[in-house]
Amino acid sequence: MTTSLTRRGLFATAAAVAMTAGFASTAMAQDCIQLRLSAVQSETDQRSVAMAEVFGPGVADFACFEPHYNGTLFAQGTELEAIARGNLEMSITSAQELAEYIPEFSIFTAGYVHQNAAHQVAVFNDDVFDNFAAAARETLGVELLAVMYLGRRHVNLRQTREELEVMTPADLEGVNLRMPGSEAWQFLGRALGAAPTPMAFTEVYTALQTGAVDGQDNPLPTVVDARFYEVTNQIALTSHLVDLNYVAISAEVFDSMSEDQQERVRQAAVDAAEFGRQRQLAMEEELAGFLREQGLEVYEPNLAAFRETVQAAYLESDFSDTWPEGVLERINELGE
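Worth saying up front: this structure is predicted, and the values here are computed from it rather than measured. (Residues numbered from 1 in each chain as written. Predicted model: local features only at pLDDT ≥ 70, side-chain atom pairs only at ≥ 80, totals over all residues. Heavy atoms only, no water.)

Colleague: What exactly am I supposed to notice about empty space enclosed by the protein here?
Modeller: Regions of empty space are outlined by a rolling probe, equal in size to a water molecule, passed over the atoms. Taken as a whole and assessed by the stated rule, the structure comprises one cavity of 30 Å³ or more. There is about 50 Å³ of room inside the largest cavity. A95, Q96, F108, T109, L241, V242, D243 and L244 are the residues that line the largest cavity. By residue number, the principal contributor to the lining of the largest cavity is strand β8 (residues 234-250), which donates four residues. Along the lines of polarity and charge, the residues of the lining of the largest cavity split into five nonpolar, two polar and one charged. (1 Å grid on protein atoms, 1.4 Å probe; cavity = no way out; pocket = protein on both sides within 12 Å on 5 of 7 lines; lining within 4 Å. Points joined across faces, edges and corners; volume = space filled by probe spheres on them. Helix = DSSP H or I, 4+ residues; strand = E, 2+ residues; numbered from the N terminus. Nonpolar A, V, L, I, M, F, W, Y, C, P; charged D, E, K, R; others polar.)

Put into structure tokens, the structure is as follows:
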């Protein structure tokens, strides 16, 4: 696998601020291993809650876990550089961020690679992930401890199911679907069979209300938070992107620990990820029920047809040029 940096070099970016959180008493210990986590999400985000309630207590007798929220310690997108420079111990990073340095990670940003939350874990724990983990270590000095489930993106439309039932990509032909503006997102929209339209998120509600677009794609919590259910009539549970984060720690810091401490840090990260995963899955189930109560049709299309079509589109495109041979096939084998 390639390990050359594909972004600008590793250089100083953001200054630390004097915010500390959690486990203050442990932080006073003289032999405490400092584990500062730079996080872009808020302290109430399910990832933050999982790390605070599960990871921190799991390592509290030998490590000082200090989470810093809302990008106050390092700005979003600079955390991996900070770890590589030795200025930060931990982060919660994405496949998109890792792909900026290690292009092969782009496979985990593509539609229908991960099928669900359990599939993410199976892929992370399989030998197929070993080379990816090794590249993160060699290129960035990062040890990936666990995979976190963030949720599934679905297609949310103005049309009723009677007007348009979405069972295969062919059913989305001509559907004006708002997608984020980057080429990667627009490509995914086209691969789904739709006519994707780039649009700022703040404009989506009005565009749905007026019919400027037929629909949008987002996880169910976003559909509820943004009140898109007020101006749409159905959600096809396409699960076209099963989003994830990785719990990452400085390899240098990790290697300085005893074997027992390393095992406990890894297990604490796995336990935190599982805690957050179950909370997220429960919330998605609850929100699906809420949306049905609001009158929306919520149903699952032919996911096999979508997966086959979308993966074929990626394999025929430049997006798959950096994917290691045979990896997609192995990932598919680990799924349903």
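Now that the structure has been shown, the text picks up again.
Colleague: What's the story with the state of the cysteines in this structure? I'm lost.
Modeller: As used in these notes, a disulfide is a covalent bond between sulfur atoms, one from each of two cysteines. Taken as a whole and assessed by the stated rule, the structure comprises one disulfide. Sulfur-sulfur distance for the disulfide between C32 and C64 comes to 1.3 Å. Of this pair, C32 sits in the loop between α1 (24-27) and β1 (33-38) while C64 sits in strand β2 (residues 63-68), and the two are 32 residues apart along the sequence. Across the pair, C64 and C32 agree in class, each one buried. (Disulfide = S-S within 2.5 Å. Buried < 20%, exposed > 50% of the residue type's maximum accessible area, 1.4 Å probe, protein only.)

Colleague: Sorry, what's going on with the nonpolar core here?
Modeller: Nonpolar side chains tend toward joint burial in soluble globular proteins. In this structure, F105, I107, F108, L144, L172 and Y246 are the most contacted members of the largest nonpolar core, which totals 53 residues. Per element, the largest residue contribution to this core is five residues, and it comes from strand β4 (residues 142-157). Setting aside residues up to four positions removed in sequence, F108 forms contacts with A95, V113, H114, V123, F129, F132, Y246 and I331. Judged by nonpolar contacts, the second largest core, of 27 residues, contains I249, V265, A268 and A273. (Core = buried A, V, L, I, M, F, W, Y, C linked by side-chain atoms within 4.5 Å. Contact = heavy atoms within 4.5 Å.)

Colleague: Would you mind going over the environment of E163 with me for this structure?
Modeller: For E163, the position within the fold is in the loop between β4 and β5 (176-179). A distance of 2.9 Å separates the side chain of E163 from the backbone nitrogen of T160, its partner in a polar contact. (Polar contact = N/O pair within 3.5 Å; in protein donor to acceptor, adjacent residues only side chain to side chain.)

Colleague: How should the packing of aromatic side chains be read in this particular structure?
Modeller: In this description, a pair of aromatic rings is defined by centroid distance and the angle of the planes. Counted under the stated rule, the structure contains 18 aromatic pairs. Judged by centre distance (4.8 Å) and plane angle (40 degrees), the ring pair of F187 and F319 falls under tilted. Taken together, the positions of F187 in helix α7 (residues 183-191) and F319 in the loop between α12 (303-315) and α13 (327-333) put the pair 132 residues apart, joining distant regions of the chain. Among the residues examined, F187 registers a relative accessible area of 12% and is labelled buried. Linked through ring pairs, F105, F108, F124, F129, F132 and Y246 together constitute an aromatic cluster. Directly above the ring of Y299 sits R161, whose terminal nitrogen or CZ lies 3.8 Å from the centroid. (Phe/Tyr/Trp six-rings, centres within 6.5 Å; stacked < 30°, edge-to-face > 60°. Lys NZ or Arg CZ within 6 Å of the ring centre and 35° of its normal.)

Colleague: What exactly am I supposed to notice about the pairing of β2 here?
Modeller: Here β2 lies mainly inside the structure; six of its six residues are buried. Judged by which residues are buried, β2 turns out to be covered on both faces: A63, F65 and P67 on one side and C64, E66 and H68 on the other are all buried. The sheet contact formed by β1 and β2 spans six bridges and is parallel. Bridge pairing in β2 places I33 opposite A63. Following the backbone out of β1, through helix α2 (residues 46-59) and into the adjacent parallel β2, one traces a crossover that is right-handed. (Pairing = 2+ DSSP bridges. Right-handed = clockwise from strand over helix to strand, strands pointing away.)

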